[in-house]
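Architecture and fold: a report
Each chain is listed here by its residues.
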Amino acid sequence: MNRHLSVTLVIPARNEESGLLALLPNFLGDNAVDTPFDLSVTVVSDHSTDRTVEVAKSFGAYVVEVPEFMPCGKGEALHFGLHRSYNADIYVTCDADLTDFTLDHIVRLVEPLVRDEDTVMARASYSYQDESGEDASTHRVTRLMARPLLAIFFPELAALQSPLAGEVALRARFLKEISFLSGYAVDAGLLIDTYLSYGIDGIKQVDLGVKNHRHHGLDILSLQAREVAYAILYKANRISLAEIEKDREFPFELDPEYLN
Ligand SMILES: O=c1ccn([C@@H]2O[C@H](COP(=O)(O)OP(=O)(O)O)[C@@H](O)[C@H]2O)c(=O)[nH]1
Ligand SMILES: O=C(O)[C@@H](COP(=O)(O)O)O[C@H]1O[C@H](CO)[C@@H](O)[C@H](O)[C@H]1O
């Protein structure tokens, strides 16, 4: 890798002050000197009411705040943050609640894009087992809903271990070509768009071992599952935008006007 390559890590964060306190020291501050490329970090505060903004700034991250007029949502935050970040060759995204996502993980996610021009997306692949080797209560939306539904409509994507993981490296030129879906639909939307444009060979998996992160209860997971199901059905042309929107409070496919 080389120092002329610019990489921007974009972290959507809604009330993540405690997550960021654990995560940001992994690659900002003293650890920043070791990057094999030019790395900048953008934290996108999504209507946070805690100290997310102050904590991110205290580590030297570039902070953008989703404007009041935009709805909350992971897709909204990523959409806004990616476009408000400094120009980079490669963008990496990660969730703010990961406890042991490090500079090494960023380097490993970027590597397939550096090695092969035809790779557009490199995505984290995590174990379903915990450190003791037991099947863990993890990837619940993935295993119970997303992979079975992908197996029906996009079988090649069902073979991915962690098709919803938020830890992804993306080539900048690809981001200019795609639309963003709102809320938790964004991860599945980006994945399927990449696949439809570049095929399975455009996507590489990077084994990052065990993922340690906060686990939501079934109420939030059920909302997540619905949004991811919408994304898969919509991209499979099995459901229309009108059908989705009558069941939602905000747009499913994000309006580029949000970026102006
Ligand atoms: O309305 C939201 C919901 C989530 N997120 C961020 O999106 C990432 C993933 O969300 P979450 O942790 O809820 O998903 P999980 O990984 O638990 O499925 C986190 O950094 C959140 O702070 C956000 O910016 N806005
Ligand atoms: O992988 C999954 O099934 C869900 C829930 O994860 P856990 O069961 O709490 O490990 O989490 C992912 O899906 C979300 C919706 O697409 C993404 O936003 C998260 O980044 C991802 O961790």
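Residues numbered from 1 in each chain as written. Chains lettered and ligands numbered in written order. Predicted model: local features only at pLDDT ≥ 70, side-chain atom pairs only at ≥ 80, totals over all residues. Heavy atoms only, no water.

This is how it is decided: UniProt positions are given in the numbering used here, feature names are shortened, and annotations may be inferred rather than shown by experiment.
The protein carries the name Glucosyl-3-phosphoglycerate synthase in an unreviewed UniProt entry, which gives Ferrithrix thermotolerans DSM 19514 as its organism. Per its UniProt entry, the protein bears the Sequence similarities (unreviewed entry) comment "Belongs to the glycosyltransferase 2 family."

1. Looking at the side chain of His 79
Stated formally: Helix and strand labels come from DSSP, where a helix needs a run of H or I of at least four residues and a strand needs a run of E of at least two; each type is numbered from the N terminus. Pairs of residues are marked as contacts when any of their non-hydrogen atoms sit within 4.5 Å.
With respect to the helices and strands, the residue His 79 is situated in helix H3 (residues 74-84). Sequence-distant contacts of His 79, defined by excluding residues within four places in its chain, comprise Phe 180, Leu 254, Asp 255, Pro 256, Tyr 258 and Leu 259.

2. Section: the site of ligand 1
The line we're drawing: Near is defined per residue: the residue qualifies when any heavy atom it owns lies within 4 Å of the molecule or strand. Pairs of N or O atoms are called polar contacts if they sit within 3.5 Å, as long as, within protein, a hydrogen donor faces a hydrogen acceptor (for residues adjacent in sequence, only side-chain-to-side-chain pairs). As a working rule, the residues Ala, Val, Leu, Ile, Met, Phe, Trp, Tyr, Cys and Pro are called nonpolar, Asp, Glu, Lys and Arg charged, and the rest polar, with Gly in that last group.
Neighbouring residues of ligand 1: 16 residues in total, closest Pro 12, Glu 16, Asp 46, Tyr 184 and His 216. Interatomic distance of 2.9 Å between a backbone N/O atom of Ala 96 and an oxygen atom of ligand 1. Contacts to ligand 1 include Tyr 184, whose side-chain N or O atom sits 2.6 Å from an oxygen atom. Within the residue set of the shell around ligand 1, elements represented by two or more residues are strand S1 (6-13) and H3. Broken down by class, the residue content of the shell around ligand 1 amounts to five nonpolar, four polar and seven charged.

3. A few points about the site of ligand 2
Condition: Computed with the Shrake-Rupley method and a 1.4 Å probe, the accessible areas treat only the protein chains shown as cover for residues.
Ligand 2 sits among 17 residues. The nearest are Asp 95, Arg 140, Thr 142, Lys 211 and His 215. Thr 142 places a polar main-chain atom, nitrogen or oxygen, 2.8 Å from an oxygen atom of ligand 2. Interatomic distance of 2.9 Å between a side-chain N/O atom of Asp 187 and an oxygen atom of ligand 2. For ligand 2, the accessible surface in isolation is 500 Å², of which the surrounding protein chains cover 95%. Contributions of two or more residues to the shell around ligand 2 are made by helix H5 (140-153) and helix H9 (218-235). Residue composition of the shell around ligand 2, grouped by class: five nonpolar, seven polar and five charged.

4. Some points on the packing of aromatic side chains
In plain terms, the rule: Side-chain rings of Phe, Tyr and Trp (the six-membered ring for Trp) are treated as a pair once their centres are within 6.5 Å; stacked means planes under 30 degrees apart, edge-to-face means over 60, and tilted covers the remaining angles. We call a residue buried when its accessible area falls under 20% of the maximum for its residue type, exposed when it is over 50%, and partly exposed in between, using a 1.4 Å probe and counting protein chains only.
In total, this model carries six aromatic pairs according to the counting rule given. Between Tyr 230 and Phe 252, the aromatic rings sit 6.1 Å apart at their centres with planes inclined by 70°, giving edge-to-face as the arrangement. With a gap of 22 residues between them, Tyr 230 in helix H9 and Phe 252 in the segment after helix H10 (241-245) connect regions that are remote in the sequence. Tyr 230 gets classed as buried once you look at its relative accessible area, which sits at 9%. Aromatic pair Tyr 234 and Phe 252: ring centres 5.2 Å apart, planes at 80°, arrangement edge-to-face. Linking Tyr 234 in helix H9 with Phe 252 in the segment after H10, this pair joins segments that are 18 residues apart in sequence. Each member of the pair, Tyr 234 as well as Phe 252, carries the same accessibility label: buried. Every member of this aromatic cluster is reached through a ring pair, and the members are Tyr 230, Tyr 234 and Phe 252.

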